Amino acid sequence: MKFNTKAIHGGQKHDPAYGAVMPPIYQTSTYAQTTPGGHKGFEYSRTHNPTRKALEDSFASIENGKFGLAFGSGLAAIDAVIKLLQPGDEVISTNDLYGGTYRLFTKIFEGFGIKFHFIGMENADKIESYVNENTKLIWVETPTNPMMNVIDVKAVASVAKKHNILLAVDNTFATPYLQRPLDLGADIVMHSATKYLGGHSDVVMGALVVKDEKLAEKLYFIQNASGAVCGPQDSFLVLRGIKTLHIRMQRHCENGEAIAKYLKNHPKIEKVYWPGFEDHPNHDVAKAQMDGFGGMISFVTKGSDYDKAIKIVENLKIFTLAESLGGVESLAGHPASMTHASIPKEEREKTGVVDSLIRLSVGIEDVDDLIADLEQAIG
Ligand SMILES: *Cc1c(COP(=O)(O)O)cnc(C)c1O
């Protein structure tokens with residue numbers, strides 16, 4: 001099956017009870033047993049729920065994996081991955097990370113004795129110099145948030161394989177429509193399904209997908225033991241979202257390209273970060289590992305300062321000033337004061353998250369209206 005078909009049918013069966021084409025919302029915590037242990041595969045909804053199961057099978061299908069797991073948020077999914085580790089273990093992570101991931105790593109898991117190295121990963125040799133006998137996981141985000149750096153997953157996977165280290169990739173920005181990390185050698189794919197997979201800004205959810213059965217068993221154990229699962233209603237919403245992922249992503253890519261080019265030619269814009277530009281430092285890698293460049297764009301205005309950036313995001317009328325990304329509607333954000341406020345100024349400026357940086361999640365509205373909105377807001 002090709003991607004567009006998998007988005008709609010992948011892992012899905014019509015409901016056995018009445019043939020419902022959409023998996024019903026099984027809003028139940030428990031399931032009747034005929035005799036202790038005599039049940040139809042479902043006992044308690046923290047462990048399993050049919051609506052969640054349908055979604056988990058869909059996740060596995062679109063990421064070319066075998067096992068999918070759904071969580072109550074993207075961070076809950078990341079939390080489950082780090083719980084594979086023990087005190088004393090070390091993680092090598094991308095330095096330009098989603099702020100909440102950085103906070104989880106440094107403020108929670110460092111306290112439990114796990115050591116994190118945050119490094120630029122453009123060069124795989126550099127990663128190797130951080131590997132030691134305690135290294136158990138490499139954590140990659142690509143494209144990164146919000147600087148749109150692109151990391152060569154195949155190159156990182158070869159380092160991981162050589163040293164028998166797990167490789168996890170946060171695929172939230174690209175989505176499996178544009179990039180399939182398991183095919184590139186990753187062991188675990190993670191999503192904030194809150195973003196493009198859900199696609200309608202109406203649900204918070206996380207996902208993991210793996211191929212290896214042993215690894216899947218460990219993660220299912222953690223999912224059930226820690227209990228950060230999502231409910232059936234949210235599972236239904238994300239299942240519905242995934243059915244249009246391919247169509248939405250096509251338009252996100254088209255609109256993203258038009259807006260990136262518009263901003264690049266704008267006399268008041270200093271720099272535009274978008275992996276589709278030939279002068280993007282990792283453009284060749286992006287071209288090789290992605291099937292398109294997406295609708296996430298960051299930019300800095302000329303000679304701009306904090307106040308100027310704030311004015312622009314306040315002036316926007318169709319773009320909504322809001323956290324999050326990946327919905328049908330266009331959003332604008334100011335990373336330094338919003339998504340990345342939890343990263344110390346000094347740390348975040350090292351990676352380019354300056355006070356004047358603005359991030360756009362380009363939606364699927366009419367692109368002329370979006371450009372006109374930027375035009376009036378930038379002034
Ligand atoms: C939003 C986001 C997360 C966290 O996901 P939640 O669903 O908000 O918990 C992780 N990584 C990236 C890249 C994100 O954009």
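Residues numbered from 1 in each chain as written. Predicted model: local features only at pLDDT ≥ 70, side-chain atom pairs only at ≥ 80, totals over all residues. Heavy atoms only, no water.

A. Local environment of helix α6 (residues 153-162). When α6 is considered as a whole, its buried residues turn out to be V153, V156, A157, V159 and A160. Taken around the axis of α6, the buried residues stretch over an arc of 160°, which confines them to a single face. Along α6, the residues that are exposed and aim more than 90 degrees away from the buried face are K154, K161 and K162. Here the buried face of α6 lies against α5 (124-128), β4 (135-141), β5 (166-170) and α11 (283-289). (Buried < 20%, exposed > 50% of the residue type's maximum accessible area, 1.4 Å probe, protein only. Helix = DSSP H or I, 4+ residues; strand = E, 2+ residues; numbered from the N terminus. Arc of directions from axis to C-beta. Contact = heavy atoms within 4.5 Å.)

B. Broad picture of the side chain of R52. Residue position: R52 is located in helix α2 (residues 50-62). In terms of polar contacts, R52 uses its side chain to reach the backbone carbonyl oxygen of R46, at 3.2 Å. R52 has contacts with S45, R46, T47, A70, Q223, V229, C230 and S235, leaving out every residue within four places of it along the chain. (Polar contact = N/O pair within 3.5 Å; in protein donor to acceptor, adjacent residues only side chain to side chain.)

C. Expanded view of the domain arrangement of the protein. Domain assignment breaks the protein into domain 1 (3-242) and domain 2 (245-378). Relative placement of domain 1 and domain 2: their C-alpha centres are 26 Å apart. The interface of domain 1 with domain 2 comprises 44 residues on the first partner and 42 residues on the second. Carbon and sulfur atoms make up 62% of the area that domain 1 and domain 2 hide from each other, which totals about 3,400 Å². Three residues stand out in domain 1 for area buried against domain 2, namely M147, L178 and Y196, and they jointly supply 23% of the buried area on that side. Linking domain 1 with domain 2 are one salt bridge. With its nearest N and O atoms 2.8 Å apart, the salt bridge here joins R180 to D291. Applying the counting rule to domain 1 against domain 2 returns 17 residue pairs in polar contact (both at pLDDT 80 or more). Secondary-structure elements contributing two or more residues to the side of domain 1 that touches domain 2 are α1 (3-9), α4 (99-109), α6, α7 (175-178) and α9 (232-242). (Domains from an automatic or database assignment. Buried area = accessible area lost by both parts, 1.4 Å probe. Salt bridge = Lys/Arg side-chain N within 4 Å of Asp/Glu carboxyl O.)

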